[in-house]
Amino acid sequence: MNEISNITKLPEEAYEAAIRRFAKEGAHIPGDDKANPWVPFGDAAAIKHFCFDVRTNSVANILWVKGGGRIGTHKHRGVVSAITLEGSWAYYEYDWVARPGDFVYELPGAAHTLYSDDPDGMKALFWINGPIEFYDDNGKFDFTADVFWFIDHYTKYCEANGIPINQEMFV
Ligand SMILES: [Fe+2]
C-alpha cells in the first residue's frame, strides 16, 4: 500500500455505499515462471495465463511460440488484440510481420495460421474475446478454445504439477 499522503481522495458519489458494497478491485497477477507457469500448447508453443472472464468469454495471456513453431489454423468468433513483447511473428495469410511494440487486432470471421520463423521465436500478450475454432492441416475441425478451454488448460497443468491455482485470475 502506498503512503496515505500519495492517495488522492475523491468526492463521495451519491451511491458511494453501493460502490463500496458491491464493487470489486482489480488484481495483480504475478508473471514469474514459478508461480505462473508456461503451460505447453502443442510441441512448439506455451501459454502463460493471466485472466479468465466467464461472463464475457474472454481471456488474457501471453503466447510464446518457439522459433520455427506454428499455431494451427484457427477461426475467430470474437475480437482479439495483441501486443508483441519479444521476437517476431506473422500469419501465412497476410504480408505483415509483428515485432516488439507492434499491435495487432483480429476480428470475428478471420481465419489464419500463426507462425514464427524468428530464431528467438515470439512472445505476445493477447486479449481474446469469444471462442476460437481450431482446424487440422486438412481443414477438419479440431476443437474450440473458449474461456473454459483456457481455464481447463491452466488448472489441469497446475494440479498435475503441484502449483497453486491463482484464484485472482478469475474475474
Ligand atoms: Fe488469430
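Conventions we followed
Residues numbered from 1 in each chain as written. Predicted model: local features only at pLDDT ≥ 70, side-chain atom pairs only at ≥ 80, totals over all residues. Heavy atoms only, no water. Donors = N, O, S within 2.8 Å, 3.2 Å for Na, K, Ca; no water. Buried < 20%, exposed > 50% of the residue type's maximum accessible area, 1.4 Å probe, protein only. Phe/Tyr/Trp six-rings, centres within 6.5 Å; stacked < 30°, edge-to-face > 60°. Helix = DSSP H or I, 4+ residues; strand = E, 2+ residues; numbered from the N terminus. Expected span 1.5 Å × (residues − 1). Contact = heavy atoms within 4.5 Å. Polar contact = N/O pair within 3.5 Å; in protein donor to acceptor, adjacent residues only side chain to side chain.

Describing the coordination of the iron ion
Part 1 of the argument: For the iron ion, every protein donor is listed as His-74 (NE2), His-76 (NE2), Glu-106 (OE) and His-112 (NE2), and the spread of their distances is 2.1 to 2.3 Å.
Part 2 of the argument: For the iron ion, the donor residues sit on a single chain with the sequence spacing H-x1-H-x29-E-x5-H. In this structure, Glu-106 and His-112 share a single accessibility class: buried.

With respect to the packing of aromatic side chains
Each aromatic ring pair is summarised here by two numbers: the centre-to-centre distance and the angle between the ring planes.
Part 1 of the argument: Throughout the structure, instances matching the rule amount to 16 aromatic pairs.
Part 2 of the argument: Pairing Tyr-92 with Tyr-115 gives two aromatic rings, centres 4.2 Å apart and planes at 10 degrees, and the pair type is stacked. Of this pair, Tyr-92 sits in the loop between strand S6 (90-91) and strand S7 (103-106) while Tyr-115 sits in strand S8 (residues 111-115); the two residues are 23 residues apart in sequence, bridging distant segments of the chain.
Part 3 of the argument: We classify Tyr-92 as partly exposed; its relative accessible area is 49%.

Quick look at helix H2 (residues 147-161)
Part 1 of the argument: End to end, H2 covers 21 Å across 15 residues, agreeing with the expected 21 Å (1.5 Å per residue, within 8%).
Part 2 of the argument: Within H2, burial applies to Val-147, Phe-150, Ile-151, His-153, Tyr-154, Thr-155 and Cys-158.
Part 3 of the argument: Among the structural elements, strand S1 (39-40), strand S2 (45-53), strand S3 (58-65), strand S9 (122-129) and strand S11 (141-145) are those in contact with the buried residues of H2.
Part 4 of the argument: Of the residues that open H2, the one with a side-chain oxygen 3.1 Å from the backbone nitrogen of Phe-148 is Asp-146.
Part 5 of the argument: The first or second residue beyond H2 is Gly-162, which carries a positive phi of 65 degrees.

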